[in-house]
Amino acid sequence: MFLRSNLAAHGVGLNAYDHSSRYFIWGKDRIQGVFGLSKKGYLMVQLPDRATEAAESFARMIEGETVLGMTGDALQVELTLKALDMAQARYRLHHDEPLYRRDLKDLPEALIPCRGMQGSDRTWLRSWFADYIEDTGQAAGKEARELAAERVDAELTADRAIVLLEDASPVAMAAVNAKIHDQIQVGGVFVPRENRNRGLGRRVTTALMQKAKSEGATSAILFANNSPAARAYEAIGFRQVGWYRVALLQKPQKVVP
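Right, let's walk through the structure included here. (Residues numbered from 1 in each chain as written. Predicted model: local features only at pLDDT ≥ 70, side-chain atom pairs only at ≥ 80, totals over all residues. Heavy atoms only, no water.)

**Considerations on the packing of helix α2 (residues 52-61) against helix α3 (residues 74-83)**
Right, so step 1: Here α2 crosses α3 at 50°, and the two axes come no closer than 8 Å. The orientation of α2 relative to α3 falls into the category oblique. The interaxial crossing formed by α2 with α3 has right-handed handedness. Together, T52, A55, E56, F58 and A59 of α2 and L79, T80 and A83 of α3 make up the contact between the two elements. (Axes fitted to C-alpha atoms, helices over the stretch in contact; angles between N-to-C directions. Helix = DSSP H or I, 4+ residues; strand = E, 2+ residues; numbered from the N terminus. Parallel < 35°, antiparallel > 145°, perpendicular 65-115°, else oblique. Left-handed = near helix turned anticlockwise from the far one by under 90°. Contact = heavy atoms within 4.5 Å.)

**Examining the sheet that holds strand β11 (residues 239-254)**
Right, so step 1: Pairing is mixed across the open sheet formed by eleven strands, whose spatial order is β1-β2-β3-β4-β11-β5-β10-β9-β8-β7-β6. Here the strands that pair on one side only, and so sit at the sheet edges, are β1 (21-26) and β6 (114-116). Averaged over neighbouring strand pairs, the angle between their axes works out to 25° when direction is ignored.
Right, so step 2: Packed onto the sheet, α2 meets β1, β2 (33-38) and β3 (42-46) and runs at close to 140° relative to β1. (Pairing = 2+ DSSP bridges.)

**Let's talk about the pairing of strand β7 (residues 161-166)**
Right, so step 1: Most of β7 is tucked away, with five of its six residues classed as buried.
Right, so step 2: Sheet analysis places β6 next to β7, joined by three bridges and oriented antiparallel. Bridging from a neighbouring strand, R115 pairs with V163 of β7.
Right, so step 3: Pairing between β7 and strand β8 (residues 169-180): six bridges, direction antiparallel. (Buried < 20%, exposed > 50% of the residue type's maximum accessible area, 1.4 Å probe, protein only.)

**Some remarks on the packing of aromatic side chains**
Right, so step 1: Evaluation of the coordinates by the stated rule reveals seven aromatic pairs.
Right, so step 2: Ring geometry for F24 and F58: centres 5.3 Å apart, planes at 65°, overall edge-to-face. Remark: F58 occurs in helix α2 and F24 occurs in strand β1; sequence separation between them is 34 residues. Of the two residues, F24 and F58, neither departs from the other in class, the shared state being buried.
Right, so step 3: A centroid spacing of 6.3 Å and a plane angle of 85° characterise the contact between Y132 and F190, whose relative ring orientation is edge-to-face. You can see Y132 sitting in helix α4 (residues 122-135) and its partner F190 sitting in strand β9 (residues 183-190), a full 58 residues away along the chain. Taken individually, Y132 and F190 each receive the classification buried, so the pair is uniform in this respect. (Phe/Tyr/Trp six-rings, centres within 6.5 Å; stacked < 30°, edge-to-face > 60°.)

**Topic: the side chain of R245**
Right, so step 1: Looking at the element boundaries, R245 is found in strand β11.
Right, so step 2: You can call R245 buried: its relative accessible area is 9%.
Right, so step 3: Beyond its immediate stretch of four places on either side in the chain, R245 contacts M70, T71, G72, D73, A74, V77, E78, H94, H95 and D96.

**Considerations on the pattern of salt bridges**
Right, so step 1: If you walk through the whole model with that rule in mind, you get 15 salt bridges.
Right, so step 2: Taking the shortest distance from any N to any O, the salt bridge between R115 and D121 comes out at 2.9 Å.
Right, so step 3: The class for R115 is partly exposed, based on a relative accessible area of 21%.
Right, so step 4: The partner of R160 in a salt bridge is E155, with the nearest N and O atoms 3.1 Å apart. (Salt bridge = Lys/Arg side-chain N within 4 Å of Asp/Glu carboxyl O.)

**Side note on unusual backbone geometry**
Right, so step 1: Non-glycine residue D159 carries a positive phi angle of around 55°.
Right, so step 2: With respect to the helices and strands, the residue D159 is situated in the loop between α5 (141-158) and β7.
Right, so step 3: Located in the positive-phi region is D167, a residue other than glycine, with phi close to 55°.
Right, so step 4: Mapping D167 onto the fold places it in the loop between β7 and β8.
Right, so step 5: Given a relative accessible area of 81%, D167 falls into the exposed group.

What follows is the structure, encoded as structure tokens:
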């Protein structure tokens, strides 16, 4: 999804955008695999046959490049990290999450109140995103706050996130992390700690899907960071279709295969 979304949004090759990417094609008489390396240093892979030769070839192609981490199908990422000699590297986050999919044709018709994020929301959004980053294990303390400020700026610019409303007040948030044709990837679902255990995660996710459906989307995918989140997504119709690996290095690392 991220491979295709980055390609659709930014084209082939690096440009001014952090998610612009270089692409590496594997295949002898047909395309059998695609690897990506974003400008910011994140790796992506689509290699259904999990050919070791392909991963090793990719590692040689990006020798000397600095990377921050990798996401994708769990077994494909595992194979690629091994080829990159990063299987035993030190990670701040390195685990598999259930990957879910849902058709949008049978969403509830009654629209759930929501709105886009606004510049005037910046102060409390920074607090929300800092908590989200800590809750998902990406960073903590000062680093989480710094990353949160960057994320808020990015979301306000991208205009892809919403906040759920109760009595006109924001109580939860969610975003479209990637979009390609008629499919979206849902991410950044967050309910502030004081608002949890009220079903708001399910409501804000449904609201985001309703908005996406009105804009032409027909299906959604997402991956769940924890068991409560997984149960919430299953309760609103998501079904598991695989496993997704999230591997974020503690420090940037050069590729030395």
